[in-house]
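# Summary of the model geometry
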Amino acid sequence: MKILVVGGGGREHALCWKLAQSPRVEKVYCAPGNAGIAEEEKCECVPLDPFDFEALARFAEEKGVAFTVVGPEDPLARGLVDHFQEKGLRVFGPSAAAARIEASKVFTKELLARHGIPTAAFEVFDDPEAAKRYIEKKGAPIVVKADGLAAGKGVIVARTVEEAMAAVDRIMVEKAFGEAGKRVVIEECLQGEEASFMVITDGEVVLPLPTSQDHKPLLDGDQGPNTGGMGAYSPAPVVTPELAEEILETIMKPTIRALAKEGLPYLGVLYGGLMISDGRPYVLEFNCRFGDPEAQPVLMRLETDLVELIEAAFEGRLAECEVKVRPEAAVCVVLASGGYPGKYEKGKEIHGLSEVARWPGVKVFHAGTARKDGRIVTAGGRVLGVTALGPDIPQAIRRAYEAVAKIHFENMHYRRDIGAKALKHLRQPLVGLLVGSKSDLPLVEAAEKVFRDFGVPYEVEVASAHRQPEKVKRYAEEAEKRGLKVIIAGAGLAAHLPGVIAAHTTLPVIGVPVPAGPLNGVDALLSIVQMPRGVPVAGVGIGNMANAALLAIEILALSDSDLKEKLKKYRQKLAQG
């Protein structure tokens, strides 16, 4: 059979590569494709515009294409599926009406609210001044989202009221995302860990694919502007088998039923971008297609013939199918052009691809590439997705970054912490990070970044010495038995938390004064450094979670030579400025 894939990014390369593996497939056409797809066995790129629906349909008819798979969201939102269906052509993806699940955040939030599907509290605005008044009333952190499609960049997590106001201006007044910003959704900022959950569905049966986790921000430690995605890994350890079942039963299946109930039957892949907060899943967003770059590690792990799954969806046989998954983990590191997600240059020659192509268990998926004068050059913001398999996530991370080190192009940028979030779920935590309130969690991020950089497993807990004294006491008493070596406690005002913990354990306790109240943390600082004799608590500067983390690492390094070497290199780097 012959298959047509619409699109030309990393996701489409992964789809073409996977579909071509089916023994039933003779040819995979990709419109327009990229330089990497053109080199795949059985694959051929065709110079067709993904938005020229008539030309695509004519091509599919002339070539006798069995079915078409639509990669990106834009053609789906604009009605490519509807056009193909009118021509009697089979196409895998939702109709334009059903694709609103991604194309309109307002549509999605209101659908979830109507059907009681868990998501963050929200309000919708078409007037920027009204939106700003709401932000002033609610405070920060808060999330501002452009209603329409914005290539993954229309969501701003504002840490301050000023940032949120600026986001409203950027979206609604400056029209940074065009018509996509006519309306905004302003929603509660959920705290926790994100995960991606994709399913294949025929509108009734919902079949889960391997779990994964994306990394949207440009810089390490989830800093910087949002992008289309800087890397991903699969599986996502935060999604336990029990949680996966809960996600299926409380989010994915109810959403498919809700769409059907409202006259919008859904065929294709539904991608749930979720926040796992206090062990419960909430919908952040939905996408109406395979994730990018999540498709790369997910399809690397998928053993089941993707052609069989898609045909079963067309024919209502998904209930008979089983998704078989390789036991290995997969990690994808995106290599981007310098300047992305803003302005960037194209045409930079890419070196090292031929060497990495020979490595077993490693696949470089092309996203923004082209062939020029016999050379592979950059042609987009996200250029490559270096994806590696490993027996577990740590080894897959190592393998992916070993491959990255062999590839180079001018101004190449990539994150160096893809997969680090998974490590805290896989290795026993050595450091416990406690704060007295959820509002203190943003402060913890500086310590988390330090621990990720040094590869130290840690855990984060919210427990108040005043409101939950028994929980704090139990945590401190059980900490050593659970393998913790150091505890960091952040507290404001009277700052009882570090002292209460120290009273119930002989582990080292580091107190971090939280900048809160009329004295902005000075009272907490004085409280922490004046512990009674016999109950010592080490103190750091107000709000200085990063130094607390480094002190914890220095304590651990007393019995860990690898950590000691990492600290030496860290100090050398500091000395170099």
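Report follows, based on the coordinates. (Residues numbered from 1 in each chain as written. Predicted model: local features only at pLDDT ≥ 70, side-chain atom pairs only at ≥ 80, totals over all residues. Heavy atoms only, no water.)

## Here's the deal with the overall build of the protein
Our working rule: Helix and strand definitions here come from DSSP, where helices need a minimum of 4 consecutive H or I residues and strands a minimum of 2 consecutive E residues; each element is numbered from the N-terminal end. In this description the radius of gyration comes from C-alpha coordinates, and the expected globular size is given by 2.2 Å times residues to the power 0.38. Burial here depends on accessible area, computed with a 1.4 Å probe over protein chains only, as a share of the maximum for the residue type. Under 20% is buried, over 50% is exposed, and the range in between is partly exposed. Contacts are assigned to residue pairs that have any heavy atoms within 4.5 Å of one another. Methods summary: accessible areas were calculated by the Shrake-Rupley approach with a probe of 1.4 Å, and residue burial reflects only the protein chains presented.
Of the regular secondary structure elements, the protein holds 21 helices and 28 strands. The globule rule puts the C-alpha radius of gyration for 577 residues at 25 Å, and the 25 Å found for the protein is close to it. Considering only C-alpha atoms, the protein reaches an extent of 85 × 55 × 45 Å along its principal axes. Within the span of the protein, comprising 577 residues, buried residues form 56% of the whole. Within the protein, residue pairs in contact and separated by at least 24 positions form 68% of the contacts whose partners lie at least 6 positions apart. Per element, the accessible surface of the protein, about 24000 Å² overall, is 49% carbon and sulfur.

## A word on unusual backbone geometry
In this chain, A31 is followed by P32 through a cis amide linkage whose omega measures 0°. With respect to the element layout, P32 can be found in strand β2 (residues 27-32). Across the junction of A140 and P141, the peptide omega takes the value 5°, indicating a cis bond. Turning to its location among the elements, P141 is positioned in the loop between α8 (128-138) and β7 (142-146). Even without being a glycine, K42 presents a positive backbone phi close to 75°. Assignment of secondary structure puts K42 in the loop between α2 (35-38) and β3 (43-45). Phi is positive for D373, close to 55°, though the residue is something other than glycine.

## Some remarks on the pairing of strand β15 (residues 231-234)
Applicable threshold: DSSP-based pairing: two strands are paired if at least 2 bridges between them are found.
The side-chain alternation of β15 yields two buried faces, one formed by G231 and Y233 and the other by A232 and S234. Bridge count between β15 and strand β18 (residues 329-337): four bridges; the pairing is antiparallel. The partner of G231 across the bridge, within β18, is V333.

## With respect to the nonpolar core
What counts is decided by this rule: We define the nonpolar core as a collection of buried residues of types Ala, Val, Leu, Ile, Met, Phe, Trp, Tyr and Cys that are connected through side-chain atoms lying within 4.5 Å of one another.
Judged by nonpolar contacts, the single largest core of 81 residues is most densely connected at L4, F197, V239, M252, V333, L335 and I407. Looking at which element gives the most residues to this core, the answer is helix α10 (residues 241-261), with nine residues. Not counting residues within four places of it along the chain, the set of residues in contact with V333 comprises M230, L384, G385, V386, A400, Y401, V404, Y414, R415 and I418. The next biggest cluster of nonpolar side chains, apart from the first, holds 41 residues, and it includes I3, L15, V69 and V323.

## Topic: the environment of G10
Relative to the assigned elements, G10 resides in helix α1 (residues 10-20). Sequence separation of G10 and G33 is 23 residues, and the distance between their C-alpha atoms is 9.5 Å. Those residues in contact with G10, other than ones at most four positions away along the chain, are D292, Q296, F365, H366 and A367.

## With respect to α10
Stated precisely, the cut-off is as follows: What a helix is expected to span follows from its residue count: subtract one and scale by 1.5 Å. Bending is quantified residue by residue as the angle between axes fitted to the seven-residue window ending at that residue and the seven-residue window starting at it.
The terminal C-alpha atoms of α10 lie 28 Å apart, and with 21 residues this matches the ideal 30 Å at 1.5 Å per residue to within 8%. Maximum bend of α10: about 40°, positioned at L248. Among all positions in α10, only L243, A244, I247, L248, I251, M252, P254, T255, I256, A258 and L259 are buried. Of the surrounding elements, those touching the buried residues of α10 are α6 (100-103), α7 (105-114), β10 (193-201), β11 (206-208), β16 (268-277) and β17 (280-287). G263 occupies a position one or two residues after α10 and carries a positive phi of about 75°.

## Topic: a nonpolar patch on the surface
The test is simple: Exposure above 30% relative accessible area and the absence of a salt bridge qualify a residue for a patch, where like charges join within 9 Å and nonpolar side chains (Val, Leu, Ile, Met, Phe, Trp, Tyr) within 5 Å. Take a side-chain nitrogen of Lys or Arg and a carboxyl oxygen of Asp or Glu: if they are within 4 Å of each other, that pair is a salt bridge.
A grouping of L519, V522, L526, V529 and I542 is seen on the molecular surface, where their side chains present a nonpolar patch of about 420 Å² in accessible area. Within the secondary structure, V529 sits in helix α19 (residues 522-529).

## Brief notes about the sheet that holds strand β6 (residues 122-125)
The line we're drawing: Angles shown run from 0 to 180 degrees and are taken between the N-to-C directions of axes, each axis being a line fitted to C-alpha atoms and, for helices, limited to the stretch in contact.
The sheet built from four strands is open, its strands ordered β6-β9-β7-β8 with antiparallel pairing. Single-partner strands in this sheet number two, and they are β6 and β8 (155-158). Each strand axis lies, on average, 20° off the axis of its neighbour in the sheet, ignoring direction. Where β7 meets β8, four bridges bridge the pair, whose relative direction is antiparallel. The residue bridging V143 from the neighbouring strand is V157, located in β8.

## Notes on the sheet that holds β10
Read across the open sheet, the four strands follow the order β11-β10-β16-β17; overall the sheet is antiparallel. Whereas interior strands pair on both sides, the edge strands pair on one side only; in this sheet they are β11 and β17. Shown here is a sheet whose adjacent strand axes are inclined to one another by a mean of 35°, direction ignored. For β10 and β11, the ladder comprises three bridges, and the chain directions are antiparallel. Considered in β11, the bridge of T201 is made with V206.

## Notes on the packing of aromatic side chains
Definition in use: Pairing of aromatic side chains requires ring centres within 6.5 Å, counting the rings of Phe and Tyr and the six-membered ring of Trp. Pairs whose planes differ by under 30 degrees are stacked, by over 60 edge-to-face, and all others tilted. Charge over a ring is defined by NZ of Lys or CZ of Arg lying within 6 Å of the ring centre and within 35 degrees of the ring normal.
A full pass over the atoms with the stated rule returns eight aromatic pairs. Judged by centre distance (5.2 Å) and plane angle (45°), the rings of F125 and Y134 are tilted. F125 gets classed as buried once you look at its relative accessible area, which sits at 13%. Residue class for Y134 comes out buried when judged on its relative accessible area of 16%. Clustering of aromatic rings is evident, with ring pairs tying together F67, F92 and F314. Positioned above the aromatic ring of F51 is the side chain of R78, whose terminal nitrogen or guanidinium carbon lies 4.1 Å from the ring centre. A cation sits over an aromatic face here: R416 above Y414, 4.4 Å from the ring centre.

## With respect to the state of the cysteines
Put simply, the rule reads: Cysteine sulfur atoms are paired as a disulfide whenever they come within 2.5 Å of each other.
Considering all chains together, one arrives at zero disulfides under this definition. In this structure C43 is not part of a disulfide, and its nearest cysteine sulfur, from C16, lies 4.9 Å away.

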